[in-house]
Amino acid sequence: MSAAPEIRGDAACTEALPNAARGGPVSHALSRVARLHRIAAGKLLRDLDLYPGQEFLMMRLWGAGPVRQSELIREVGLDPSTVTKMLQRLEQTGHVSRSPDPADRRAVVVEATERSCALLADMSAAWTALEEQTLAGLDPDERRELARLLGKVEASLCTQTADCGEATA
């Protein structure tokens, strides 16, 4: 009988490159980093009683004001049922309100509530903490360079996918 292979820590944190990813080591690294970033963000959001993704809806509403739900769905690029569920949860916690659009009663307008103002300060602090966790091993010059390079990668992907949404904002 052969022994099981030795496990060297969390597979999500290893640097091993699977054979299938050998042709795309940067893409593989970006995927791993994005996954870990999402986990870290989820932990911080949980403390605010938010689910991952809801912060982007709230950022949009705080930044640009009321918007039709259909437009919000288009902007965030998620499945309509997913956005609807997110908005239902945010509405239940009193952070957003939805009402018929006065110009077209079939459409729904979504807006941040006064109650969400306290959440804005807490989310800003959580976002700052996430930034520090994410970039803890980088000096200021490396942080600027990473931001610059990620901007270039985003622009390239935006062009390739024709889905520039917030990328150009």
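Here is what the cut-offs are and how they apply
- Residues numbered from 1 in each chain as written.
- Predicted model: local features only at pLDDT ≥ 70, side-chain atom pairs only at ≥ 80, totals over all residues.
- Heavy atoms only, no water.
- Axes fitted to C-alpha atoms, helices over the stretch in contact; angles between N-to-C directions.
- Helix = DSSP H or I, 4+ residues; strand = E, 2+ residues; numbered from the N terminus.
- Left-handed = near helix turned anticlockwise from the far one by under 90°.
- Contact = heavy atoms within 4.5 Å.
- Nonpolar A, V, L, I, M, F, W, Y, C, P; charged D, E, K, R; others polar.
- Buried < 20%, exposed > 50% of the residue type's maximum accessible area, 1.4 Å probe, protein only.
- Lys, Arg positive; Asp, Glu negative; His and termini not counted.
- Salt bridge = Lys/Arg side-chain N within 4 Å of Asp/Glu carboxyl O.
- Polar contact = N/O pair within 3.5 Å; in protein donor to acceptor, adjacent residues only side chain to side chain.
- Pairing = 2+ DSSP bridges.
- Parallel < 35°, antiparallel > 145°, perpendicular 65-115°, else oblique.
- Phe/Tyr/Trp six-rings, centres within 6.5 Å; stacked < 30°, edge-to-face > 60°.

Participant: Before we go on, may I ask you to explain the packing of helix H3 (residues 69-76) against helix H4 (residues 80-92) in this structure?
Facilitator: When two helices pack together, their arrangement is given by the angle between the helix axes and the distance between those axes. Running from N to C, H3 and H4 point in directions that differ by 115 degrees, and their axes come no closer than 10 Å. Regarding H3 and H4, the two cross each other, and that crossing is right-handed. Where H3 approaches H4, its residues Gln 69, Leu 72, Ile 73 and Val 76 are matched on the opposing element by Pro 80, Val 83, Thr 84 and Leu 87. For the contact of H3 with H4, the class distribution of residues is 6 nonpolar, 2 polar and no charged.

Participant: Teacher, can you tell me more about the side chain of Glu 55 here?
Facilitator: Along the chain, the position of Glu 55 falls in helix H2 (residues 54-64). In this structure, Glu 55 is buried with no salt-bridge partner, the nearest side chain bearing the opposite charge being Arg 38 at 4.9 Å. A distance of 2.7 Å separates a polar atom in the side chain of Glu 55 from the backbone nitrogen of Gly 53. The contacts of Glu 55, once residues within four sequence positions are left out, are Leu 45, Met 123 and Trp 127.

Participant: Is there a simple way to explain the sheet that holds strand E3 (residues 104-112) in this structure?
Facilitator: Sheets are built from strands paired through backbone hydrogen bonds, the pairs being either parallel or antiparallel. Taken together, 3 strands build an open sheet; the order of strands is E1-E3-E2 and the sheet is antiparallel. Each edge of the open sheet is held by one strand with a lone partner, namely strand E1 (67-68) and strand E2 (96-101). By the bridge criterion, 2 bridges tie E1 to E3 in an arrangement that is antiparallel. Within E3, the position partnered with Arg 68 by the bridge is Val 109.

Participant: Is there a simple way to think about the packing of H2 against helix H5 (residues 116-135) in this case?
Facilitator: Across the interface, H2 lies against H5 with an axial gap of 11 Å and an inter-helix angle of 120 degrees. Classified by the angle their axes make, H2 and H5 are oblique. By crossing handedness, the relation of H2 to H5 is classed as left-handed. In contact with Glu 55, Phe 56, Met 58, Met 59 and Trp 62 of H2, H5 contributes Ser 116, Leu 119, Leu 120, Met 123 and Trp 127.

Participant: Got a minute to help me understand the packing of aromatic side chains in this structure?
Facilitator: Any pair of aromatic rings gets described here by the distance separating the centres and the angle formed by the planes. Here the structure, examined in full by the defined rule, presents 1 aromatic pair. Between Phe 56 and Trp 127, the ring centres sit 5.7 Å apart and the planes meet at 90 degrees, which makes this aromatic pair edge-to-face. Of this pair, Phe 56 sits in helix H2 while Trp 127 sits in helix H5, and the two are 71 residues apart along the sequence. For Phe 56, a relative accessible area of 32% puts it in the partly exposed group. Given the relative accessible area of 30%, Trp 127 is considered partly exposed.

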